[in-house]
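Descriptive analysis of the structure
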Amino acid sequence: QVQLVESGGGLVQAGGSLRLSCAASGSVLRITTMGWHRQAPGKQRELVAGMDSGGMTTYADSVKGRFTISRDYGKNTVLLQMNSLKPEDTAVYFCNAERSTMSGRSLYWGQGTQVTVSS
């Protein structure tokens, strides 16, 4: 099992910045991709950004140029630097990690952290 603990959410004005952090513990060997999803009220959970074990990144079009994902592979952490925040970025942000073994792939989620952007 992999446990994920997020931190760094909060309330910020439009145009401001926040940095989210997620630390993985437990069976962290063979974690491949780590990333962030978000879910706004009444909407489906959506991908925000992801980074695989080779450093390749994926971003939602809505956050490209504003958000940056990074990983510390030694500390099993993933960060999301969010700049130029907009009210539409308001959501619960969830860290996720994918672990690949001989048995297959497993996906793990953190508990979520609230990000609120005021206009």
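Note: the structure precedes this text.
In what follows, the accompanying structure is described. All values derive from a computational prediction rather than experimental measurement.

The backbone of Arg30 sits at a positive phi, close to 75 degrees, despite the residue not being glycine. Examined against the element boundaries, Arg30 turns out to sit in the loop between strand S3 (18-26) and strand S4 (31-39). Arg30 gets classed as exposed once you look at its relative accessible area, which sits at 58%. Notably, Asn76 is not glycine yet its phi reads approximately 55 degrees, a positive angle.

Let us now look at the state of the cysteines. Among covalent bonds in proteins, the disulfide is the one between the sulfur atoms of two cysteines. In the structure shown here, the tally under the stated rule is 1 disulfide. Here Cys22 connects covalently by a disulfide to Cys95, the sulfurs 2.0 Å from one another. For the disulfide bridge between Cys22 and Cys95, the dihedral angle about the S-S bond is near -80 degrees, and by the sign convention the bridge is left-handed. Note that Cys22 is positioned in strand S3 and Cys95 in strand S9 (residues 91-101), a separation of 73 residues in sequence. The same class applies to Cys22 as to Cys95, namely buried.

Let us look at the sheet that holds S3. The strand order across the open sheet formed by 4 strands is S1-S3-S8-S7, and the pairing between neighbours is antiparallel. Of all strands in the sheet, those bounded by a partner on one side alone are strand S1 (2-7) and strand S7 (67-72). Averaged over neighbouring strand pairs, the angle between their axes works out to 15 degrees when direction is ignored. Relative to strand S8 (residues 77-82), S7 runs antiparallel, the two sharing 6 bridges.

This part covers the packing of aromatic side chains. Scanning the model with the defined rule gives 0 aromatic pairs in all. Over the face of the ring belonging to Phe94 we find Arg45, whose NZ or CZ atom lies 3.7 Å from the ring centre. Cation over ring: Arg45 sits above Trp109, and NZ or CZ is 4.6 Å from the ring centre.

Before going further, it helps to examine the environment of Val2. The residue Val2 is located in strand S1 in this model. Residue Val2 is classed as buried on the basis of its relative accessible area of 7%. In this view, Val2 contacts Ala24, Ser25, Ser27, Ile31, Arg99 and Tyr108; residues no more than four positions away in its chain are not counted.

Cut-offs applied
- Per-chain numbering applies: the sequence of each chain, read as written, is numbered from 1 onward.
- Per-residue local features of the predicted model are confined to residues with pLDDT of at least 70, and side-chain atom pairs are confined, for both listing and counting, to 80 or more; whole-chain, interface and lining totals are unaffected and use all residues.
- Excluded from the side-chain calculations are hydrogens and water; all other atoms, namely the structure's heavy atoms, are used.
- A run of DSSP states H or I qualifies as a helix once it reaches four residues; a run of E qualifies as a strand once it reaches two. Both are numbered from the N-terminal end.
- Each residue gets one of three labels from its accessible area relative to the maximum for its type: buried under 20%, exposed over 50%, partly exposed in between, using a 1.4 Å probe on protein chains only.
- Note on disulfides: each one is a pair of cysteine sulfur atoms within 2.5 Å.
- If DSSP finds at least two bridges between two strands, the strands pair.
- Axes here refer to lines fitted to C-alpha atoms; in helices the fit is confined to the stretch in contact. Angles between the N-to-C directions go from 0 to 180 degrees.
- Aromatic pairs are defined between Phe, Tyr and Trp rings, using the six-membered ring for Trp, whenever the two ring centres lie within 6.5 Å; interplanar angles under 30 degrees are classed as stacked, those over 60 as edge-to-face, and all others as tilted.
- In this analysis the charged atom, NZ for Lys or CZ for Arg, is taken to sit over a ring once it is within 6 Å of the ring centre and within 35 degrees of the ring normal.
- Contacts were defined at the residue level, with two residues in contact if any of their heavy atoms lie within 4.5 Å.

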